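Tertiary structure, described
If you want the building blocks of each chain, they are given just below.
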Amino acid sequence: MKDWTLPPMAILGPLLALLAASAFFATQADNFLSGQNFSLILQQVMVVGLLAIGQTLIILTAGIDLSCGMVMALGSIVMTKLATEMGLHPLLAMLFGIGATTAFGLLNGLLVTRIKLPPFIVTLGTMNIAFAITQLYSGAQTITDLPEAMTFLGDPIMILGTPVAGGVLVMLALYAMVWFGLSHTAPGRHLYAVGNNREAARLTGISTERALLTVYALAGTFYGIAALLSVARTGVGDPQAGQTENLDSITAVVLGGTSLFGGRGIIVGTLIGALIVGVFRNGLTLMGVSSVYQILITGILVILAVATDQLSHKRA
C-alpha cells in the first residue's frame, strides 16, 4: 500500500515542462501572456481535461479507454436531441445524456471484469458501437437551436477582469473532488492497489471487480459531463465530435506522469498534462505554425513521456 502516492517529482516534471513551454511561447508571441489568451487555453482544454479525469482513473487500474471521445459524442447527441426534438426539459435531457455515457462505461467495465477481455479490445469495440449509434440516432445531422439552459456553461464569468467560461470552473472543481477522493479516501487507495497488483489487492480483501466496475462507470459519468461542456462550448450537438479526443485524453494523462502500467499517478498531473497540450497548440497557432506540425510535436511529446515511464518502470 506504499505506492498509492508519488514523490513530488511526479508533479514537478510536468509542471516544469508547462512553465518552460509557457516561457518559450511568451518570447515568440506578444499576446501569449495575456489574461484573455490564458482564458482561451482553459476553454480549449476543458472538454479534453474532463475526459482525461475518467481516462486517468482507468489507466491507474492498468487499463485504457479508446471509446471516451465517441461516448462523449453520443452523450451530447442524446441530450441535445431529447431537448430539441422530444421537448424534454433541458435538465432531464442532460441527465439522460450523462446516463447514456455512464451506461457505456458500465458496459466496458462488465466486459473487462466478467468476460475478462482486455480493456484495449473492449473499448476499441465500444468506440465503434458508440460512433455507429451516434450517427444513426442523429441521422448524421448537427443538432442546433439548443435551449439556453444547455449552453450557459459556455458563458463567460468575469474573474479578476478576465472572462472565464463556467465550464472551466466545473472542470477545476471536479479535479479537486477526484484529487481528494484518490488521496484521502480508502476507495482511492484501493484503486492504486488494484493498478499496482490486482491479485495482491484481491488477496488483501479488496473487491477488485467491484472497484473496476465503479471506475469504468464513473469514467462514463465524466464523459457525460464532458459532453455537456462540449455542447456548451460549441452551442450544438455535433455527431462528428470526439473523433480525436480519445487520443488527446491519453496524451494528457501520459504527459501528466501517470504510468501506463497502472498504480502510479496523480490527478493534478493530468490537469497539467492537458494544459501542456493546450499551451503547445495555442502557442504554435500564435506563431503561425501549421496544424500538421502541431500534431507532429504532440506525438513526439507522447513518445518521450511514454519512454520516460518505461525507463522508470524498468528501474523500479
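Thresholds, definitions, all that
Position labels on residues start from 1 in each chain and follow its written sequence. Predicted model: local features are reported for residues with pLDDT of at least 70 only, side-chain atom pairs are reported and counted for 80 or more only, and whole-chain, interface and lining totals are derived from all residues. Here the side-chain values reflect all heavy atoms present in the structure, with hydrogen atoms and water set aside. For the purposes of this entry, the term helix denotes a DSSP run of H or I that reaches at least four residues, the term strand denotes a run of E that reaches at least two, and both are numbered from the N terminus. Note on exposure labels: buried denotes an accessible area under 20% of the residue type's maximum, exposed denotes more than 50%, and partly exposed covers the range between, all computed with a 1.4 Å probe on protein chains only. Contacts are assigned to residue pairs with any non-hydrogen atoms lying within 4.5 Å of each other. Confidence of the prediction at every residue is given by pLDDT, a number between 0 and 100. Axes here mean lines fitted to C-alpha atoms, for a helix over just the part in contact, with angles spanning 0 to 180 degrees between N-to-C directions. In what follows, roughly perpendicular refers to angles from 65 to 115 degrees, roughly parallel to angles under 35, roughly antiparallel to angles over 145, and oblique to any angle outside these ranges. Put simply, a crossing is left-handed when the front helix is turned counterclockwise from the back one by less than a right angle, and right-handed when it is turned clockwise. Residues are grouped as follows: nonpolar covers Ala, Val, Leu, Ile, Met, Phe, Trp, Tyr, Cys and Pro; charged covers Asp, Glu, Lys and Arg; every other residue, Gly included, is treated as polar.

This part covers the environment of Leu 286. Turning to its location among the elements, Leu 286 is positioned in helix H11 (residues 267-286). With a relative accessible area of 33%, Leu 286 lands in the partly exposed category. Between the C-alpha atom of Leu 286 and that of Phe 32, which follows or precedes it by 254 residues, the distance is 7.7 Å. Leave out the neighbours within four places in its chain, and Leu 286 touches Ala 29, Asn 31, Phe 32 and Asn 37.

On to the environment of Ala 186, then. Mapping Ala 186 onto the fold places it in helix H7 (residues 186-196). Since its relative accessible area comes to 40%, Ala 186 is described here as partly exposed. Along the chain, Ala 186 and Pro 147 lie 39 residues apart, while their C-alpha atoms are 41 Å from each other.

Summary statistics for the chain give a mean pLDDT of 90 and a share of 95% for residues scoring 70 or more. In this model, residues 1-7 is a region of pLDDT below 50 whose contacts with residues beyond four sequence positions or in other chains number 13 contacts.

It is worth spelling out the packing of helix H2 (residues 35-60) against helix H6 (residues 166-184) at this point. Helix-helix packing is described using two parameters, namely the angle between the two axes and the distance between the axes. Between H2 and H6, the least distance of the axes is 9 Å, while the angle of their chain directions is 20 degrees. In terms of orientation, H2 lies roughly parallel with respect to H6. The crossing of H2 and H6 is left-handed. Facing Leu 42, Gln 43, Val 45, Met 46, Gly 49, Leu 50, Ala 52, Ile 53, Leu 57 and Leu 60 of H2, the residues of H6 in contact are Gly 167, Val 168, Met 171, Leu 174, Tyr 175, Val 178 and Leu 182. Its residues assigned to classes, the contact of H2 with H6 comprises 14 nonpolar, three polar and no charged.

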